[in-house]
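Descriptive structure summary
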Amino acid sequence: MRAGAVARAWIEYEWLTADKQQTAKHGVGKRWRAYWWEAIVPDAQGRTKRRRSQQFGRKGDAEQFVTKIENDLRARTYRPPENAETLVAVVAAEWLATRLNIKPATYRRYERELRSYVLPKWESVKIGTITKAQVAGWIAHLSASTAPARYKIRGTEPAQYHRAGTMRRPLTPASVDHLHTVFSAVMGWAVETDRIGRNPAAGVKLPRVIPADHVYLSHEQVDDLATAAHGVTDAEMDRALFQFLAYTGLRIDEALALTVGDLNLFRPAPRSCKHEPSTRPASGYLVPRKLTSGAACRCRGSWWTSW
């Protein structure tokens, strides 16, 4: 035994007693056993700790384990060893189930990315064995289209998936970046739930994302296209709708879902062809100055809840 009864962690030789006599365990199982005291919630008997143990075949391994336990207990970073043995698939399912503040479309995207790219690589891996180097290697394989993947079988509802295999098509750097974000969030959940001490996905180098060079319509081009739209249906509303889409950046389904109360005609937006955020601001969508007068005429006499 390495220390006295007051020690928080120690090792014992299982096969021989202190006076070199064989024990009942001689020749059975592993020779060395590490012991440590683990704090627990007080039970009915008032006990605040329990004795834990783990066997080792070599004394050096047992000593190394006990040293880590002692350091963790001293630093108050101790976690039961079995916490780190949770499989990534279990942690990922927990993480996804707790995403209560996201849109359904975002939830489905997370679910699809976990099933298609994250879990084929990590689902049967113990959370505590993952290293930063392993995550970096996975990112490299994703970038090279050589990582394992699982694809949905077309026409199946509910969705069914093929068996995991190698990726069929390359991913853009932005897609790889997003997969890393999802996986890092799962690892972050493992940290939050006291399974591991640090996130192995944090700080991993990612492929460079080159921003797309957006090309915007000029004001004259918008006017020409709006006139052409009007010419197809001979409806003035189509001209106004096209201009509204061009100057606000809203999608067609978002624009058609707007009510009069969603528009802010008193603080017109600058005359610009660049897209505005597609999420409704608290003050309502700003109508570009170019369209304010026309919009005001169309809204006059309408209820705020009118479409």
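So, here is what we can say about the structure in this document.

With respect to the overall build of the protein chain
If you tally the helices and strands in the protein chain, you get 9 helices and 7 strands. Among the 307 residues that make up the protein chain, the fraction classed as buried is 32%. Long-range pairs, those at least 24 residues apart, make up 55% of the contacts in the protein chain with a sequence separation of at least 6.

Quick look at the nonpolar core
Judged by nonpolar contacts, the single largest core of 33 residues is most densely connected at Leu142 and Phe183. For this core, the elements supplying multiple residues, two or more each, are helix 2 (88–97), helix 3 (104–122), helix 4 (132–143) and helix 5 (173–192). When residues in this core are grouped by element, the largest group, 8 residues, is from helix 5. Setting aside its immediate chain neighbours within four residues, Phe183 contacts Val118, Trp122, Ile130, Val135, Trp138 and Ala201.

With respect to the packing of helix 4 against helix 5
At a minimum axis separation of 10 Å, helix 4 and helix 5 run at an interaxial angle of 150°. Put simply, helix 4 runs roughly antiparallel to helix 5. Judged by the twist between their axes, the crossing of helix 4 over helix 5 is right-handed. Here Val135, Trp138, Ile139, Leu142 and Ser143 of helix 4 come into contact with helix 5, specifically with Val176, Leu179, His180 and Phe183. Broken down by class, the residue content of the contact of helix 4 with helix 5 amounts to 7 nonpolar, 2 polar and no charged.

Considering helix 4
Counted at 1.5 Å a residue, the expected span for helix 4 with its 12 residues is 16 Å, and the 17 Å between its end C-alpha atoms agrees. Inspection of helix 4 places Val135, Trp138, Ile139 and Leu142 among the buried residues, and these make up the whole buried set. On an axial view of helix 4, the arc spanned by its buried residues comes to 100°, and they lie on one face. Considering only its buried residues, helix 4 is in contact with helix 3 and helix 5. Backbone geometry just after helix 4 places Ser145 at a positive phi near 65°.

Quick notes on the sheet that holds strand 2 (residues 32–39)
The strand order 1-2-3 describes an open sheet built from 3 strands, whose pairing is antiparallel. Pairing within the sheet leaves two strands with one partner each, and these edge strands are strand 1 (9–13) and strand 3 (49–56). Between one strand axis and the next, the sheet turns through 25° on average, direction left out of account. Pairing of strand 1 with strand 2 involves 5 bridges; the strand directions are antiparallel. Of the residues in strand 2, the one forming a bridge with Glu12 is Arg33. Where helix 1 (residues 59–75) meets the sheet, its contacts fall on strand 1, strand 2 and strand 3, and the angle it forms with strand 1 comes to roughly 160°.

How each quantity is defined
Residues numbered from 1 in each chain as written. Predicted model: local features only at pLDDT ≥ 70, side-chain atom pairs only at ≥ 80, totals over all residues. Heavy atoms only, no water. Helix = DSSP H or I, 4+ residues; strand = E, 2+ residues; numbered from the N terminus. Buried < 20%, exposed > 50% of the residue type's maximum accessible area, 1.4 Å probe, protein only. Contact = heavy atoms within 4.5 Å. Core = buried A, V, L, I, M, F, W, Y, C linked by side-chain atoms within 4.5 Å. Axes fitted to C-alpha atoms, helices over the stretch in contact; angles between N-to-C directions. Parallel < 35°, antiparallel > 145°, perpendicular 65-115°, else oblique. Left-handed = near helix turned anticlockwise from the far one by under 90°. Nonpolar A, V, L, I, M, F, W, Y, C, P; charged D, E, K, R; others polar. Expected span 1.5 Å × (residues − 1). Arc of directions from axis to C-beta. Pairing = 2+ DSSP bridges.

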